[in-house]
Amino acid sequence: MKYLPLNAGIFIQNRKRFVERMEKNGIAVFNSNDELPSNGDAVYRFKQNADLVWLTGIEQEDTMLVLFPDNPDPKYREVLVLVRPNELKEKWDGHRLRVKEATEISGITTIVWLDVLDGLLQPWIHLATTIYLNTNENDRKANLVPVRDYRYAEMMRARYPLHQYKRSAVILKELRAVKTILEVEVIQKAIDITDAAFRHLLRFIKPGVMEYEIEAEIVHSFLSQRATGEAYGSIIACGDRARTLHYVENNQECKDGEMILMDFGAGYGNYCADLTRTVPVNGKFSKRQKEVYNACLQLHQYCAGILKPGISIMDYTEKAGDEATAIFQKIGLLNKADVKNEDPDNKAYRKYLYHGISHHLGIDVHDLGTRTEPVKAGMMFTIEPGIYIEEEQMGVRIENNFWITKSGNKDLMKNIPITVDEIESLMKKR
């Protein structure tokens, strides 16, 4: 790992929160992700299962976690399972964790090797009444490949058909949505790295630069600050390409007079930052660009003012839409007739703002969390309104990351330049 060691208390606290939600005499088993082949004899860069990371901090492949809080033997109430280090494999693929190292990362003192797990697990299962198994329950998942969690669940149900089974994901969706202070500290580090990269870009961007050159500067800045890398593929979209929400080509020239939308964030300690800014390529907003940008910023600030504990995402989105409707009329995108005759299921403002305003943020960029229950203190959200104008070949989006507290919310990106004056002032110093 490139990042500095995290506080193991993060994972100790997370496991404690999960165990407190388990039924008496329940046992929970978590698996790492698969190593996936790409082409030839190559595999994709390994990405650990987010739930396993949240519980242990361990990024190594072939890892498992067993939680059995009512095990009669206290030693085996939480067990981390690792692949046994192999001298030959380490010559090819590098160092594998030893017991002491894994304990320092996770806070788990009982470590067993994967090749002896079966002989231990079966007696534990026989003592348990309920088995918690984990699967991906992100509402936007696209599981076309039978990944390890699903294969393992099928195997366990065949081997132990008379046990009661529960979904760990139900608990994790609620717990992972509410961040602890220790988790927020790691996210803040990812945000600070992202801040530094953005400030560098404001001095780097000029007419004639290529989108991929900007992307390269982001990656260089992240890695030089110990980030794992990009939390997601950076979107570097100049001119009309900014209207493509998940633009990934990043291969065109940034021209004088255009604006460039940059959606990027650092990954640090497996936690994500998610920033979007839209800036003028030549360092100076035109009159119309400034008007649209400030309209987007006004909507962003309005949303920040209402995203508080107790509001539902549906009500929040409805209020944001009403505010967008009023703002879009002020800048000439909508008129009274457009609003009067709008389809209630496809309101007029959706012509210029066609995505959601916020999503949960954490170990995953689109992190686990409910969209139907009221917002709770401790949740982490993006706020990212956009204005996309096809007839003007223009797209603007502004995004910050907010931690919800009992008294409101805290903008973790409050130090990142956001106003027209701040952006223009820093771009002058190129």
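Up top you'll find the structure we're talking about.
Residues numbered from 1 in each chain as written. Predicted model: local features only at pLDDT ≥ 70, side-chain atom pairs only at ≥ 80, totals over all residues. Heavy atoms only, no water.

S.K.: Give a detailed account of the overall build of the chain, specifying residues and quantitative values.
M.R.: Helices and strands together make up the secondary structure of the chain, namely 13 helices and 17 strands. Here the C-alpha radius of gyration of the chain, 24 Å, is about what a compact globule of 430 residues would show, namely 22 Å. Taken over the C-alpha atoms alone, the chain extends approximately 70 × 50 × 40 Å along its principal axes. With 430 residues in all, the chain has 52% of them scored as buried. Looking at the chain alone, contacts between residues at least 24 apart form 72% of all its contacts between residues at least 6 apart. Carbon and sulfur atoms form 51% of the exposed surface of the chain, whose accessible area is close to 20300 Å². If you average the places of the 57 positive and of the 61 negative side-chain charges in the chain, the two averages end up 4 Å apart. (Helix = DSSP H or I, 4+ residues; strand = E, 2+ residues; numbered from the N terminus. Rg over C-alpha atoms; globule rule 2.2 N^0.38 Å. Buried < 20%, exposed > 50% of the residue type's maximum accessible area, 1.4 Å probe, protein only. Contact = heavy atoms within 4.5 Å. Areas by Shrake-Rupley, 256 points an atom, 1.4 Å probe, with all protein chains shown as cover. Lys, Arg positive; Asp, Glu negative; His and termini not counted. Charge placed at Lys NZ, Arg CZ, Asp CG, Glu CD.)

S.K.: Let's hear about the pattern of salt bridges: which residues, and what values?
M.R.: This model, assessed by the stated rule, comprises 26 salt bridges. One salt bridge connects Arg-98 with Glu-90, and the closest N-O pair in it is separated by 2.5 Å. Of the charged contacts, one joins Arg-176 and Asp-367 as a salt bridge, the two residues approaching to 2.6 Å between their closest N and O atoms. Placement of Arg-176 in helix H7 (residues 168-177) and of Asp-367 in the loop between helix H12 (336-340) and strand E13 (380-383) is noted, with a sequence separation of 191 residues between them. Salt bridges sharing common partners tie together Asp-51, Arg-176, Lys-179, Asp-364 and Asp-367. (Salt bridge = Lys/Arg side-chain N within 4 Å of Asp/Glu carboxyl O.)

S.K.: Describe the pairing of strand E15 (residues 394-397), and please don't skip the residues or the numbers.
M.R.: Side chains Met-394 and Val-396 project from E15 onto one buried face, and the interleaved Gly-395 and Arg-397 project onto a second face that is buried too. With 4 bridges connecting them, strand E14 (residues 386-389) and E15 associate as antiparallel partners. Paired with Tyr-388 across the strands is Gly-395, a residue of E15. Linking E14 back to E15 in an antiparallel pair, the connection comprises 4 residues, with Gln-393 at a positive phi of about 50 degrees. (Pairing = 2+ DSSP bridges.)

S.K.: Run through the nonpolar core, naming residues and quoting values.
M.R.: Residues Phe-18, Ile-214, Ile-260, Met-262 and Phe-328 are the most contacted members of the largest nonpolar core, which totals 113 residues. Ranked by residues supplied to this core, first place goes to helix H8 (residues 181-204) with 10 residues. Ignoring sequence-local partners within four residues, the contact set of Phe-18 consists of Ala-28, Phe-30, Leu-55, Leu-67, Ser-168, Ile-171, Leu-172 and Leu-175. Counting residues in hydrophobic clusters, the runner-up holds 21 residues, among them Tyr-76, Val-81, Tyr-152 and Tyr-165. (Core = buried A, V, L, I, M, F, W, Y, C linked by side-chain atoms within 4.5 Å.)

S.K.: Please set out the state of the cysteines residue by residue, giving values where relevant.
M.R.: Under the definition given, this model contains 0 disulfides. Between Cys-254, a free cysteine, and Cys-238, which holds the nearest cysteine sulfur, the sulfur-to-sulfur gap is 3.9 Å. (Disulfide = S-S within 2.5 Å.)

S.K.: Report on the sheet that holds strand E10 (residues 266-268), specifying residues and quantitative values.
M.R.: What the 3 strands build is an open sheet, ordered E7-E10-E11; its pairing is antiparallel. Edge positions in the sheet fall to strand E7 (229-230) and strand E11 (271-272), since each has one partner strand and no second.

S.K.: Go over the environment of Gly-305, please, and point to the residues and values.
M.R.: Position of Gly-305 relative to the elements: it lies in helix H10 (residues 287-306). Sequence separation between Gly-305 and Asp-421 is 116 residues; the distance between their C-alpha atoms is 22 Å.

S.K.: Just give me the short version of the packing of H8 against helix H9 (residues 211-224), but keep the residues and values in it.
M.R.: For the pair H8 and H9, interaxial distance at closest approach is 9 Å and the crossing angle is 140 degrees. If you check the angle between H8 and H9, you find them oblique. Both H8 and H9 take part in a crossing whose hand is right-handed. From H8, Ile-193, Thr-194, Ala-196, Ala-197, His-200, Leu-201 and Phe-204 reach across to H9, where they touch Glu-213, Ile-214, Glu-217, Ile-218, Ser-221 and Phe-222. By residue class, the composition of the contact of H8 with H9 is 8 nonpolar, 3 polar and 2 charged. (Axes fitted to C-alpha atoms, helices over the stretch in contact; angles between N-to-C directions. Parallel < 35°, antiparallel > 145°, perpendicular 65-115°, else oblique. Left-handed = near helix turned anticlockwise from the far one by under 90°. Nonpolar A, V, L, I, M, F, W, Y, C, P; charged D, E, K, R; others polar.)

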